[in-house]
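One letter stands for each residue in the lines below.
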Amino acid sequence: MIKKILVSQPKPTSEKSPYYDIANRFDVELIFRPFIKVEGISAKEFRTQKVNISDYTAIVFTSRHAIDHFFNMAKELRVTIPEDMKYFCVTETIALYIQKYVQYRKRKVFFGETGKIDDLVPTMVKHKNEKYLVPMSDVHNNSIEILLDSKKLQHCECVMYKTVSNDFTPEEVKTFDYDMLIFFSPSGIESLMKNFPNFKQDKIAIATFGPTTAKAARDAGLRLDIEAPSEKYPSMTSALQHFLIENQE
């Protein structure tokens, strides 16, 4: 019987989150506790990449983390960001977040609709004379680099932040008594194994989102009870609800 579920994500900000509907319907306790966190790299680490922020005329932001760590790094390096710097963001929500650091002007902030870099590239091509800097996490592939190369854009990708384990306190380790764990990234699985090196799954149900997370779980010797997304269940909450219907009622 599933009564207590750990969701390895921050607590939803909206009361309308489907997770709360699930908690009420199935009388389960949901604990939101990220297994990973994002940290900025040091100025010393950044300098080893030999990237000079002042050489670039446009910045490409794929997340709010990227915005935070870009402006924090510029401040630490005492780099003054020129007022005519252009910003290209994968969504309008991310674009609006720039207001936290600079005055938002439509003429210098551009954004895509889908959240995918592919959707933003046509706008970037219209500004092909810009020199683009793309702040990234230490966990990334070279898909953006390949895409921008194919459009013959001047660009440079650089690491400005990293994903690290959000370690459990001794008290959290002692009271780790969940019936189900839900993971959204391979880093979350790594964090589980780091914090609980002698972890035994036994009757604990494990849910994963995305093929790379599922692979990481299997590679760690874990049994998967839920794999999302699927054709029938496109979200973790829909897959979770189906699993609880099958196993609770």
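Enquirer: I'd love a proper account of the sheet that holds strand E3 (residues 36-40), names of residues and values included.
Expert: Within the open sheet, the 6 strands sit side by side as E3-E8-E7-E4-E5-E6. Their pairing is mixed. Only two strands of the sheet have a single partner each, and these edge strands are E3 and strand E6 (109-111). Neighbouring strand axes in the sheet, compared pairwise and without regard to direction, differ in orientation by 25° on average. Across the sheet, helix H6 (residues 143-150) touches strand E7 (131-137) and strand E8 (154-165), and the angle it forms with E8 is around 170°.

Enquirer: Which residues make up the state of the cysteines, and what values go with them?
Expert: Covalently bonding the sulfur atom of one cysteine to the sulfur atom of another cysteine gives a disulfide. Scanning all chains against the criterion turns up 0 disulfides. For cysteine 156, which is in no disulfide, the shortest distance to another cysteine sulfur is to cysteine 158 and amounts to 5.7 Å. Given the relative accessible area of 17%, cysteine 156 is considered buried. Assessed through its relative accessible area of 1%, cysteine 158 is described here as buried.

Enquirer: Tell me about the side chain of lysine 108, and please be specific about residues and values.
Expert: Summarising the element assignment, lysine 108 is placed in the loop between helix H4 (92-97) and E6. Buried charge without a partner: lysine 108 forms no salt bridge, and the closest opposite charge is glutamate 83, 6.1 Å away. Only 3.3 Å separates the side chain of lysine 108 from the backbone oxygen of glutamate 83, close enough to count as a polar contact. A polar contact is formed between the side chain of lysine 108 and the backbone oxygen of glutamine 103, at a distance of 3.5 Å. In contact with lysine 108, other than residues within four places in its own chain, are Glu83, Met85, Lys86, Tyr87 and Gln103.

Enquirer: Describe the pairing of E8, listing the residues and the values that go with them.
Expert: Alignment of E3 against E8, held across 5 bridges, turns out to be antiparallel. When the sheet's bridge partners are listed, glycine 40 is paired in E8 with tyrosine 161.

Enquirer: Which residues make up the environment of glutamate 172, and what values do they have?
Expert: Tracing the backbone shows glutamate 172 in helix H7 (residues 170-174). Sequence separation of glutamate 172 and methionine 193 is 21 residues, and the distance between their C-alpha atoms is 15 Å. Setting aside residues up to four positions removed in sequence, glutamate 172 forms contacts with Arg33 and Asp167.

Enquirer: Just give me the short version of the side chain of serine 187, but keep the residues and values in it.
Expert: Mapped onto the elements, serine 187 comes out in helix H8 (residues 186-195). The class of serine 187 is buried, set by a relative accessible area of 17%. Not counting the four nearest positions on each side in its chain, serine 187 is found in contact with Ile36 and Thr163.

Enquirer: Describe the packing of helix H5 (residues 117-126) against H6, naming the residues involved and giving the relevant values.
Expert: Interaxial distance between H5 and H6 falls to 11 Å at its minimum, and their mutual angle equals 30°. As far as their axial angle goes, H6 and H5 are roughly parallel. The chirality of how H5 crosses H6 is right-handed. Within the contact between the two elements, H5 uses Ile117, Asp118, Val121 and Met124 and H6 uses Ile144, Leu147 and Leu148. Split by residue class, the contact of H5 with H6 holds 6 nonpolar, no polar and 1 charged.

Conventions we followed
- Residues numbered from 1 in each chain as written.
- Predicted model: local features only at pLDDT ≥ 70, side-chain atom pairs only at ≥ 80, totals over all residues.
- Heavy atoms only, no water.
- Pairing = 2+ DSSP bridges.
- Helix = DSSP H or I, 4+ residues; strand = E, 2+ residues; numbered from the N terminus.
- Axes fitted to C-alpha atoms, helices over the stretch in contact; angles between N-to-C directions.
- Contact = heavy atoms within 4.5 Å.
- Disulfide = S-S within 2.5 Å.
- Buried < 20%, exposed > 50% of the residue type's maximum accessible area, 1.4 Å probe, protein only.
- Lys, Arg positive; Asp, Glu negative; His and termini not counted.
- Salt bridge = Lys/Arg side-chain N within 4 Å of Asp/Glu carboxyl O.
- Polar contact = N/O pair within 3.5 Å; in protein donor to acceptor, adjacent residues only side chain to side chain.
- Parallel < 35°, antiparallel > 145°, perpendicular 65-115°, else oblique.
- Left-handed = near helix turned anticlockwise from the far one by under 90°.
- Nonpolar A, V, L, I, M, F, W, Y, C, P; charged D, E, K, R; others polar.

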